[in-house]
Amino acid sequence: MSPFLAQLAELCRTERTRAKWVIVPTHTLGHTLGERLALGENGWANLRFTTPLDLALPMAAPFLVRRGVDPAPDGIGPALIMRLLLELPSAGPTYFRGLADQPQMAEALWTTLAELRMAGITATALPRAAFANASKHAELRALLASYEEHLAARGLADRALVYHEARLHPDLCPIQPTDLHVELPTIIWSPLERRLLDALPGARVVPRALDLPGLDVPRRMTSLAAPIAAVAPAPASNAERLALLMSPEGAPGSDETLTMFSAGGREAEIEEVFRRIARAGGPLDEVEIACPMPEQAALVWEKAQRHEWPVTIGPGIPAALTRPGRALLAFCEWVAGGLAASRLRRMLQSGDVRLDADGLSAGQAARLLSRARATWGRQTYAAALGQLAESLRVRAADPEQPDEARARLGERAEQAERFLRWVTELLGLVPEPSPAPLWQWLDGAIAFVKTFARKASELDGEATVALTEALADLRALGDLVRPASDALALIRGRLDGLTVGGDRARPGHLHVTTLADAGYAGRARTFVIALEEGGVFPALVEDPVLLDAERKTIDPDLRTSEDRVGEALYRIVSRLAALGGQVCLSYSGRDLRQARATFPSWVLLQAVRVLKPEGGWTYDRLVEELGEPVSAVPAEPSQALSDAGWWLAGLRRADASALPAVREGFPALAQGAAAEAARNSDEFTPYDGLVPGAGPRLDPRVSGATVSPTSLEDLAKCPFRYFLQRGLGLDAVDDAEPNPDVWLDPMIRGSIMHDLYATIMRALRDRGETPNPARHGPRLRELGLEALAAHRTLVPPPSDGVYEREERELLNDLALFLKFEAEDHGQRKPLGFEVAFGGATEGEALGRREPITIDLGDGRSFRLRGRIDRLDQLADGSYEVVDYKTGRAFLPGGLDATFAGGRQLQHALYALAAVKLLRETDPEARVVGSYYFPTTRGRRERQVRPASTQAEATVVLRDLLDLLAAGTFVHTPNQDADCRFCEFSRACGPRAADRAKRKIDRAENATLEAYRKLNAHD
Ligand code: SF4
């Protein structure tokens, strides 16, 4: 038992009924000490643990209340300072103001200002002589004065004012002249707290504390901590010899109470601590884990969650690790990233947001977003989801669809509408336009945390309250108008350092605390982790606001950088000295996050000297002494805490002979191994895409389904992808970030250009006019600008610069198109534009609602639907179906190919369709198909395919559909050509094309014969 606790126990025995006040820095600590005493041999009565503020409040409050003064809210400091700094007269001196809107600057200024206040320093008392820089002094003084005026004007009292007022009313002190009071030893109070404590009535008891040989007493301890009665250490075990850390001497014991180890990483270190706890057995509430930094406690908490061990965390868990915290950060990221759909999708997939949309799961919502092809910007969601719902409704109403599919489509349409309502509500939280008063941003963030963030535990509930309160504190800045980036930085900044779930050591729970508070719970076993060089004590860095020299002149009781280090050293050594029981010290030799080596702290070197004083220790010898660093994988399976640990430990000795047993135990793994072996073989197997059962269902000759030329070309490009998309109905997850240099993707651009070509050319055809750039150019340009503006309302461009560049390029291409049309006039007469068959005809005389039946010449046929970009009559009376290509001059399989293994079918299929459409007016119609590239990048390329290809096309189509009928959904062997822009590449892996090539080349794979024949059609 520590000398102080023994002293308290003695007081409780000798002064049984007298009021005994114990002054502690926190209630948690008081509660912990009281509990330890109660659990000891003696009970206690009338022992009152209290903080200085507990004493000051009843002395000050009646007078403050009478004057109409209320307590100032706790968390408002940094926000208020930011505001006061921004509002200082612009004509005044400036020093910090340039950085005023940086949350870290506001935080640093507030910390220093609060320190000055608790040292009793007012604006008028801030000496000019302390500052080398006059502007700095003047601005800091003005800021302090502004803060004082703010408190006075609003009738608020901060802690400093409470202490000032309390000292005026000693008669109201809760401690009576007949009471005893004693301070927790070695606590360095603030000057105002010290003054109050020095003026307390009652009998002061000098606290006892261990004398720590070789350790310098910090400078401020003599003026701000209670004087102590030093007790010489008399260690009875090696763990207790830690009191000699600074001056190892005397003979160590032969006990095992002080041990040490090193680990290969933090995860491994914590895992080893857990393994040692499990191995030793005994209740968890006999164990404490102490970490130098509070964030390391969060790692222990995560590990305890994984192993489902009950745990209390003294410093709490960062709010940013809870679901509401993570959700709020993701929300900020989404807004900062231009409301990109990809980020919203990730937010949904994280499981951190709640989707209150009638049975629609977050996963379904993410898929809807992907299917809707939403991009970024506020408008994209209504446009994309609205269009998706509309198209699903149209398909659900299609009588050609089976009932089951219609019901499914109808349900999906409703889901899209419900999801759109949810997104609209979410977007309502984001102020518009962006530079908006901060209160709008804060209200939006608070509403998001309350309504949209998921809460799945008590800790999440606590985080919700903490976050909403922390954000509400910022309302002092409410009417400031800031751009989105500043507002979001401020909101994110509120999460910094915000913790939840902090708790004292409780029965039945493992306790995790900081090294500065280690040992107060009096647990029998203590693990002190993360003892790395540079990670245990604060760095010797001066305060960014007040330099050491300035501090010393302003008030010697203000803490300098040297004081900070010296006080931390004293505190940590005194806590190590107080541990007793069994102590295990450890460090991690590698920082895996930063991929760098780390080294043991000086604390470990001293500890080994305590254990073996005569060793002549160096760091190298210490590392040797600690031996092989432990790994996250236990040395023996029996030491494992989880299934994964057991398996990994077993792998140290296992060889291939263990595989059958593993596969027997895990049939899914056996199945995976069988699948991989099949894919690696030369056989074409079901694991490579052989699905005979799907053939008849997907073959349009059998099912009667209507197909488009594009879907047939897709089948030829990669049968496997065709099966994923059209057989299984899968969509690839589109999680690509929007490209900040691109607005229109090639498909959208192509679609806009096609519409504009049709609009202008229909108008000229209907008026019988000849294309004339001078006459028709302005109208086409006007149409182009209108189309871009309309698209801009749906999908905002990433920047004005990108918009202007793409607008310029598109208008150039339109002008070029008209020029080419004027030059070609006389050689061709346009008859139809966007001539549809099997869909809405848009008033085109040649179009028809019904699909066209393509006769394959073997007694079988299928139904084709499509839209011919343009149908021209040539000077010799024949016809040409033209397919516009708005990109560079490129066709799958090459410009010179005719069919490219089925990848180029459109020219032949549209020509076949055009013959049927023209038959009523011209029974002898001869039609050729062509691809036309009328843009700058396309260099006016025109690729015409002769009419003879239409007869050959039926052979290609038969081979293609036979492939389908056989259920031969092989991966494409042409990775370079077909996989480059494929969104399913993650489903195939890197070797799919090579494996497919090997299987296709093998003649014994009879089911692939159709594919071999198809590929032979150049
Ligand atoms: S990545 Fe290649 S093999 Fe895989 S589905 Fe796409 S195109 Fe086919």
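Everything below is about the structure shown above.
So, here is what we can say about the structure in this document. (Residues numbered from 1 in each chain as written. Predicted model: local features only at pLDDT ≥ 70, side-chain atom pairs only at ≥ 80, totals over all residues. Heavy atoms only, no water.)

What follows deals with the overall build of the chain. A count of helical and extended segments in the chain gives 39 helices and 28 strands. Taken over the C-alpha trace, the chain has a radius of gyration of 39 Å; the compact-globule value for 1018 residues is 31 Å, which it surpasses by more than 25%. Along the longest, intermediate and shortest principal axes, the C-alpha atoms of the chain span 120 × 80 × 50 Å. Buried positions account for 49% of the 1018 residues belonging to the chain. Considering only residue pairs separated by 6 or more positions, the chain has 74% of its internal contacts joining residues 24 or more positions apart. Accessible surface computed for the chain: about 46,300 Å², of which carbon and sulfur atoms make up 53%. Of the charged side chains in the chain, 121 are positive and 137 negative; the average position of the first set lies 2 Å away from that of the second. (Helix = DSSP H or I, 4+ residues; strand = E, 2+ residues; numbered from the N terminus. Rg over C-alpha atoms; globule rule 2.2 N^0.38 Å. Buried < 20%, exposed > 50% of the residue type's maximum accessible area, 1.4 Å probe, protein only. Contact = heavy atoms within 4.5 Å. Areas by Shrake-Rupley, 256 points an atom, 1.4 Å probe, with all protein chains shown as cover. Lys, Arg positive; Asp, Glu negative; His and termini not counted. Charge placed at Lys NZ, Arg CZ, Asp CG, Glu CD.)

Next up on the list: a nonpolar patch on the surface. Taken together, the side chains of W646, W647, F666 and L669 present a nonpolar region at the surface, about 420 Å² in accessible area. The exposure class assigned to W647 is partly exposed, which follows from its relative accessible area of 33%. (Patch = residues over 30% accessible without salt bridge, like charges linked within 9 Å, V, L, I, M, F, W, Y side chains within 5 Å. Salt bridge = Lys/Arg side-chain N within 4 Å of Asp/Glu carboxyl O.)

Below, the discussion takes up the site of the ligand. Around the ligand sit C718, F720, R721, H971, T972, D978, C979, C982, S985 and C988, and those are all the residues in its vicinity. Looking at the shell around the ligand, the elements that each hand over two or more residues are α30 (719-727), α36 (975-979) and α37 (985-988). Taken together, the residues that form the shell around the ligand break down as 5 nonpolar, 3 polar and 2 charged. (Near = heavy atom within 4 Å. Nonpolar A, V, L, I, M, F, W, Y, C, P; charged D, E, K, R; others polar.)

Counting residues in each nonpolar core, the largest one holds 96 residues, and the members touching the most others are L328, W334, L348, F419 and F448. Looking at this core, the element that brings in the most residues is helix α16 (residues 403-427), giving 9 residues. In this structure L348 touches V353, L355, A362, A365, A366, L369, F419 and W422, once residues within four positions along its chain are discounted. One finds L856, V956, L960 and L961 within the second-largest nonpolar core, a separate group that totals 50 residues. (Core = buried A, V, L, I, M, F, W, Y, C linked by side-chain atoms within 4.5 Å.)

We now examine the sheet that holds strand β18 (residues 582-588). Read from one edge to the other, the open sheet built from 6 strands follows the order β9-β18-β17-β10-β16-β11, with strand pairing classed as parallel. In this open sheet, the two strands that pair with only one neighbour each are β9 (258-263) and β11 (311-313). Geometrically, the sheet is characterised by an average inter-axis angle of 20° between neighbouring strands, direction not taken into account. One ladder, built from 3 bridges, connects β11 with strand β16 (residues 510-514); its direction is parallel. The residue of β16 that forms the bridge with T312 is H511. (Pairing = 2+ DSSP bridges. Axes fitted to C-alpha atoms, helices over the stretch in contact; angles between N-to-C directions.)

Right, let's get into helix α32 (residues 773-794). The end-to-end C-alpha distance of α32, which contains 22 residues, comes to 30 Å, matching closely the 32 Å that a straight helix rising 1.5 Å per residue would cover. Taken together, the buried positions of α32 are H776, L780, L783, G784, L788 and H791. Looking straight down α32, one finds its buried side chains confined to an arc of 135°; they lie on one side. For α32, the exposed residues set more than 90 degrees away from the buried face come down to A774, R775 and P778. (Expected span 1.5 Å × (residues − 1). Arc of directions from axis to C-beta.)

Another point: the environment of A119. In this fold, A119 is placed in the loop between α5 (103-118) and α6 (134-154). The class of A119 is buried, set by a relative accessible area of 2%. Setting aside chain neighbours within four positions, we find A119 in contact with P191, L192, R195, D555 and L558.

Read across the open sheet, the 4 strands follow the order β2-β1-β5-β6; overall the sheet is parallel. Looking at the sheet topology across the chains shown, the edges are occupied by β2 (47-50) and β6 (203-205). Strand-to-strand twist of the sheet, defined as the mean angle between neighbouring strand axes without regard to direction, takes the value 25°. Both strand β5 (residues 180-183) and β6 contribute to a ladder of 3 bridges, which runs parallel. Residue pairing in the sheet places H181 in a bridge with R204 of β6. Contacts between helix α8 (residues 191-198) and the sheet are confined to β1 (20-23), β5 and β6, with β6 contributing the most and set at about 120° to the helix.

To continue, consider the packing of helix α7 (residues 159-167) against α8. Helix-helix packing: each pair is described by the crossing angle between the helix axes and the interaxial distance. Between α7 and α8, the least distance of the axes is 10 Å, while the angle of their chain directions is 20°. Classified by the angle between their axes, α7 and α8 sit roughly parallel to one another. As for the relative orientation of α7 and α8, their crossing is left-handed in sense. Note on element contacts: α8 touches α7 through L192, E193, R195 and L196, opposite A160, Y163, H164, A166 and R167. Considering only residue class, the contact of α7 with α8 consists of 5 nonpolar, 1 polar and 3 charged. (Parallel < 35°, antiparallel > 145°, perpendicular 65-115°, else oblique. Left-handed = near helix turned anticlockwise from the far one by under 90°.)

Moving on, we get to unusual backbone geometry. Look at E834: it is not a glycine, yet its phi comes out positive at around 50°. Checked against the element boundaries, E834 lands in strand β22 (residues 828-837). For E834, a relative accessible area of 7% gives the class buried. Phi at R939 takes a positive value of approximately 50°, unusual for a residue other than glycine. Mapped onto the fold, R939 is located in the loop between β27 (927-933) and β28 (941-945).

Moving on: the side chain of S146. Position of S146 among the secondary structure elements: in helix α6. Look at S146 and you get buried, because its relative accessible area is 14%.

Let us look at the packing of aromatic side chains. Counted according to the given criterion, the structure contains 20 aromatic pairs. Considering the side-chain rings of W743 and Y803, the 5.0 Å spacing of their centres and the 55° angle between planes classify their relative orientation as tilted. With W743 in the loop between α30 and α31 (746-767) and Y803 in helix α33 (residues 800-824), the pair connects residues that are 60 residues apart, well separated along the chain. An identical accessibility class is assigned to W743 and Y803; each is buried. Among the aromatic residues, ring-to-ring pairing joins F331, W334, Y381, F419, W422, F448 and F452 into one connected group. (Phe/Tyr/Trp six-rings, centres within 6.5 Å; stacked < 30°, edge-to-face > 60°.)

So, on to the pattern of salt bridges. Per the stated rule, a full pass over the model turns up 77 salt bridges. Across the pair R266 and E532 runs a salt bridge whose closest N-O atoms are separated by 2.6 Å. Separated by 266 residues along the polypeptide, R266 in helix α10 (residues 266-280) and E532 in the loop between β17 (525-528) and α20 (548-554) bring together distant segments of the chain. Neither R266 nor E532 differs from the other in exposure class; each is buried. The shortest N-O distance in the salt bridge between K1013 and D959 comes to 3.8 Å. Pair noted here: K1013 is in helix α39 (residues 1009-1015) and D959 is in helix α35 (residues 949-965), with a separation of 54 residues, a long-range link. K1013 sits in the partly exposed class, given a relative accessible area of 41%. With relative accessibility at 7%, the residue D959 sits in the buried group.

Bear in mind that shape data such as this cannot, by itself, settle questions of function.
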